Amino acid sequence: MSTNTSKTHRVKAILSAIGGFVIVTLLTFVGLMAITFFIGRVIPIDPVLSVVGDRATQEQYDAAKIAMGLDRSLMVQFIAYVGDVFQGDLGRSVSTNRSVASDLARVFPATLEMATLGIAIGVGLGVPLGVWAAARKGTWIDQIIRVFALLGYSVPAFWLGLVGLVVFYATLDWVAGPGRVDIFYEGLVEPRTGLMLVDAALAGDWQVFWNALDHLILPAAILGFFSLAYIARMTRSFMLDQLGQEYITTARVKGVSEWRVIWVHGFRPIRVPLITVIGLSYAALLEGSVMIETVFSWPGIGNYLTVALLNADMNAVLGSTLVIGAVFILINKLSDVLYRILDPRSR
Amino acid sequence: MTTVQNWLLDDSPNSKIQANLGNSYRMFRALMRNPLAVVGGVIILTLVLAAIFAPWIAPQTPLGQDLGARLLPPSAAHWMGTDELGRDIFSRVVYGARITLMIVALVAIISAPLGLLIGAVAGYFGGWIDKILMGITDVFLSMPKLILALAFVAALGPGIENAIIAIAITSWPAYARIARAETMTFRNSEFISATRLLGGSHTRIIVRHVLPLCTSSMIVRVTLDMAGIILTAAGLGFLGLGAQPPLPEWGAMISRGRTFILDQWWVATMPGFAIILVSLGFCFLGDGLRDVLDPKQGGKS
């Protein structure tokens, strides 16, 4: 009986966590759209003038204004804008002359591929480094890891990308240069998922696969370094909290091996808070990829955004901002709700 | 010397000034015991001195072209080499300290008081004022800062002033959160009620009693944020949206050097070292300040 009530209690807690997540996420989305709407419609001098040019007659100007729906009140315009966005209409890009939504769908997988490999590197190295630093607190190993992590907060991503290209591509020739694949491999595999590695593997074209990996590894590693810095710092601080607890001392007194104390007794409880940290750094990577993509001519959303910025292509700029912002918010809030569901204390 | 020290450390100070100076002195001594904080402080001091005395430190003017000396590697005459117009890179980096310092100072001056005020008002009044202000703050907080800054600069137009405004717009929410949390801890304290009873207005309480109590955690947070502000400003400069040529802004200099990166590596790498050094300096100093001013947070992260 008691297990039954605690079970319904738990289901209720999960449902309320999910309900809260949906409401907060939707509200934040509306806030995001309010900001992009504000930037797009209110800040530029006059959106009508930018369309008709400054030599248009008053009649042409008024006609264009009505055609663009700008004669309506701001509130009505905003509601129309939200409706457009939810239908996937982000306007037309001036520079590519295609709809921004289809452009973004085309470039997004490239960013996803790079950020995913980046986070894999960041987690794969950052978590062990953080645990190691905590286990050797105060020693020179801890200090080195600390300075290494602080570098992740101080090095400009674009600069590290350039230096990486000079060292690993131009000098050592360990990796391939900018771009996604060598030019003669371009368009060889059919883009089914848009993820070059997956597409090549599906097509069984391993030459393209290895070439794509060769191109991907350096930008992903540099991107991974930044999440590594954050993940290692947080892992260290979580671990220190755990290792200071009394049950750890008890385990040590009982004669449990140090390895077991650290990885079983110490590490297990911090897996849940780590999920939030990993989620946050994954979202931050999507943002960090803007700079890295520019340096590596990587055809992802960051590159698309910067090209649009330089061409003053406002629809493309705001569309990219909206998509990156939405993914960022979604990952943030999702890791939040995951934490609440997985945290044993909420059971 | 000892008399000054005794006066500063007096347990029963005779005036407000003496008490405040004594406190600052104690903090300074605590800070000096942290080696990384000292290193950070020295770096920031060097930045400030370089910015003030740039004309005396730099061997050449930052804009002086010498087409006969284009793209020279680092040497005794040109410590960091020369760029594509024959300008001395070391001189440009030194003058760049002025721009960097101006950017971080202005962003801090705009965003910290704004965040402080919004957070303090929300925390002090509570209720629906709190809900609305914190709702707006949370929306800004859950958005990617760099992307938001990029979009604002795109709308406002490229340039260093707009870059500063854009970064400030994206920086204040974190400060509002901190100020609100601080304010919540003492909004129901007796000294606040006493001031109310004595007829102090809400404005007076917020300005004279609430805001001063929030400043120390604010200083810590702003110092820690400086590295991020410098990186964002440099990133905007790198993309051509921040400081415009021929201004010797470090990010814009890296962007120019990108063209020659394979053969003349020093053009792009040298300003990068300046960015790393200054950002690290702020990180070290911020970490140290946190341990001194905000012991609750010390040891964490």
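As the structure is a prediction and not an experimental result, all values here were calculated from the model.

## Observations regarding the domain arrangement of chain A
Residue and element names in this part refer to chain A.
Turning to step 1, where the next piece is worked out: Under the domain assignment used here, chain A contains domain 1 (2–86) and domain 2 (101–346).
Turning to step 2, where the next piece is worked out: A separation of 30 Å is found between the C-alpha centroids of domain 1 and domain 2.
Turning to step 3, where the next piece is worked out: Taken together, the contact between domain 1 and domain 2 spans 16 residues of the former and 14 residues of the latter.
Turning to step 4, where the next piece is worked out: Between domain 1 and domain 2 the total buried area reaches about 1,300 Å² when both faces are included, carbon and sulfur atoms providing 83% of it.
Turning to step 5, where the next piece is worked out: At the boundary of domain 1 with domain 2, the tally comes to 0 salt bridges.
Turning to step 6, where the next piece is worked out: For the interface between domain 1 and domain 2, the tally reads 0 residue pairs in polar contact (both at pLDDT 80 or more).
Turning to step 7, where the next piece is worked out: At the level of secondary structure, the elements contributing two or more residues to the side of domain 1 that touches domain 2 comprise helix H1 (2–42) and helix H4 (74–86).
Turning to step 8, where the next piece is worked out: Top element by residues in the side of domain 1 that touches domain 2 is H1. It accounts for 14 residues.
Turning to step 9, where the next piece is worked out: Of the residues assigned to the side of domain 1 that touches domain 2, the class counts are 11 nonpolar, 4 polar and 1 charged.

## Observations regarding a nonpolar patch on the surface
Residue and element names in this part refer to chain B.
Turning to step 1, where the next piece is worked out: Side chains of Leu45, Leu49, Ile52, Phe53, Trp56 and Ile57 sit close together on the surface and give an oily, nonpolar patch of about 640 Å² of accessible area.
Turning to step 2, where the next piece is worked out: Secondary structure elements with two or more residues in the nonpolar patch: helix H3 (35–52) and helix H4 (54–57).
Turning to step 3, where the next piece is worked out: Ranked by residues supplied to the nonpolar patch, first place goes to H3 with 3 residues.
Turning to step 4, where the next piece is worked out: Classification of Phe53 as partly exposed rests on a relative accessible area of 38%.

## Section: the side chain of A:Glu287
Turning to step 1, where the next piece is worked out: Relative to the helices and strands, A:Glu287 is located in helix H12 (residues 271–296).
Turning to step 2, where the next piece is worked out: Buried charge without a partner: A:Glu287 forms no salt bridge, and the closest opposite charge is B:Lys145, 8.4 Å away.
Turning to step 3, where the next piece is worked out: Filtering out sequence-adjacent residues up to four positions away, A:Glu287 remains in contact with B:Pro144, B:Lys145, B:Leu146 and B:Ile147.

## Focus on the UniProt feature "domain: ABC transmembrane type-1" (unreviewed entry) in chain B
Turning to step 1, where the next piece is worked out: In this numbering, the UniProt entry assigns the feature "domain: ABC transmembrane type-1" (unreviewed entry) to residues 97–286 of chain B.
Turning to step 2, where the next piece is worked out: Between the end C-alpha atoms of residues 97–286 of chain B there is a gap of 19 Å, over a span that is 83% helix and 0% strand.

## Brief notes about the interface of chain A and chain B
Turning to step 1, where the next piece is worked out: Facing 41 residues of chain A, the contacting portion of chain B comprises 42 residues.
Turning to step 2, where the next piece is worked out: Note on chain A versus chain B: buried area summed over both sides is about 3,800 Å², and carbon and sulfur give 81% of it.
Turning to step 3, where the next piece is worked out: Note that A:Arg146 and B:Asp287 form a salt bridge whose closest N and O atoms lie 3.1 Å from each other.
Turning to step 4, where the next piece is worked out: On inspection of chain A and its partner chain B, the count reaches 6 residue pairs in polar contact (both at pLDDT 80 or more).
Turning to step 5, where the next piece is worked out: At the level of secondary structure, the elements contributing two or more residues to the side of chain A that touches chain B comprise H1, helix H6 (140–154), helix H7 (157–171), helix H9 (206–243), H12, helix H13 (301–310) and helix H14 (314–342) of chain A.
Turning to step 6, where the next piece is worked out: With 9 residues, the top contributor of residues to the side of chain A that touches chain B is H14(A).
Turning to step 7, where the next piece is worked out: Residue composition of the side of chain A that touches chain B, grouped by class: 27 nonpolar, 9 polar and 5 charged.

## A few points about a positive patch on the surface
Turning to step 1, where the next piece is worked out: Taken together, the side chains of A:Lys254, A:Arg260, A:Arg268 and A:Arg271 define a basic patch exposed on the protein surface.
Turning to step 2, where the next piece is worked out: In this structure, A:Arg260 sits in helix H11 (residues 258–266).

## So, the nonpolar core
Turning to step 1, where the next piece is worked out: Counting residues in hydrophobic clusters, the biggest one holds 176 residues, and the most contacted among them are B:Leu150 and B:Trp250.
Turning to step 2, where the next piece is worked out: Counting only domains with at least three residues in this core, you end up with domain 1 (2–86) and domain 2 (101–346) of chain A.
Turning to step 3, where the next piece is worked out: What B:Leu150 contacts, discounting residues up to four positions off in sequence, is A:Val290, A:Leu305, A:Leu309, B:Leu236, B:Leu239 and B:Leu241.

## What to know about the environment of B:Leu224
All names here are of chain B.
Turning to step 1, where the next piece is worked out: You can see Leu224 is positioned in helix H10 (residues 202–238).
Turning to step 2, where the next piece is worked out: Relative accessible area serves as the criterion here: at 25%, Leu224 is assigned to the partly exposed category.
Turning to step 3, where the next piece is worked out: Here the alpha-carbon distance between Leu224 and Phe282, two residues 58 residues apart in the chain, equals 6.4 Å.
Turning to step 4, where the next piece is worked out: Ignoring anything within four residues of it in the chain, the contact list for Leu224 reads Cys283, Gly286, Asp287 and Arg290.

## Some thoughts on the side chain of B:Thr195
Residues and elements named next belong to chain B.
Turning to step 1, where the next piece is worked out: Summarising the element assignment, Thr195 is placed in helix H9 (residues 190–197).
Turning to step 2, where the next piece is worked out: Among the polar contacts made by the side chain of Thr195, one reaches the main-chain carbonyl oxygen of Phe191 at a distance of 2.6 Å.
Turning to step 3, where the next piece is worked out: Beyond its immediate chain neighbours, meaning those up to four positions away, Thr195 contacts Gly200, Ile205 and His209.

## Here's the deal with unusual backbone geometry
Turning to step 1, where the next piece is worked out: A cis amide bond, omega 5°, links B:Pro245 with the succeeding residue B:Pro246.
Turning to step 2, where the next piece is worked out: By the secondary structure assignment, B:Pro246 is in the loop between H10 and helix H11 (250–257).
Turning to step 3, where the next piece is worked out: The phi angle at A:Asn97 is positive, at roughly 60°, despite the residue not being glycine.
Turning to step 4, where the next piece is worked out: In this structure, A:Asn97 sits in the loop between H4 and helix H5 (100–135).
Turning to step 5, where the next piece is worked out: By relative accessible area, A:Asn97 is classed as exposed at 55%.
Turning to step 6, where the next piece is worked out: Even without a glycine there, the phi angle at A:Asp173 is positive, about 60°.

Basis of the calculations
Residues numbered from 1 in each chain as written. Chains lettered and ligands numbered in written order. Predicted model: local features only at pLDDT ≥ 70, side-chain atom pairs only at ≥ 80, totals over all residues. Heavy atoms only, no water. Domains from an automatic or database assignment. Contact = heavy atoms within 4.5 Å. Buried area = accessible area lost by both parts, 1.4 Å probe. Salt bridge = Lys/Arg side-chain N within 4 Å of Asp/Glu carboxyl O. Polar contact = N/O pair within 3.5 Å; in protein donor to acceptor, adjacent residues only side chain to side chain. Helix = DSSP H or I, 4+ residues; strand = E, 2+ residues; numbered from the N terminus. Nonpolar A, V, L, I, M, F, W, Y, C, P; charged D, E, K, R; others polar. Patch = residues over 30% accessible without salt bridge, like charges linked within 9 Å, V, L, I, M, F, W, Y side chains within 5 Å. Areas by Shrake-Rupley, 256 points an atom, 1.4 Å probe, with all protein chains shown as cover. Buried < 20%, exposed > 50% of the residue type's maximum accessible area, 1.4 Å probe, protein only. Lys, Arg positive; Asp, Glu negative; His and termini not counted. UniProt positions renumbered as here; feature names shortened; annotations may be inferred. Charge placed at Lys NZ, Arg CZ, Asp CG, Glu CD. Core = buried A, V, L, I, M, F, W, Y, C linked by side-chain atoms within 4.5 Å.

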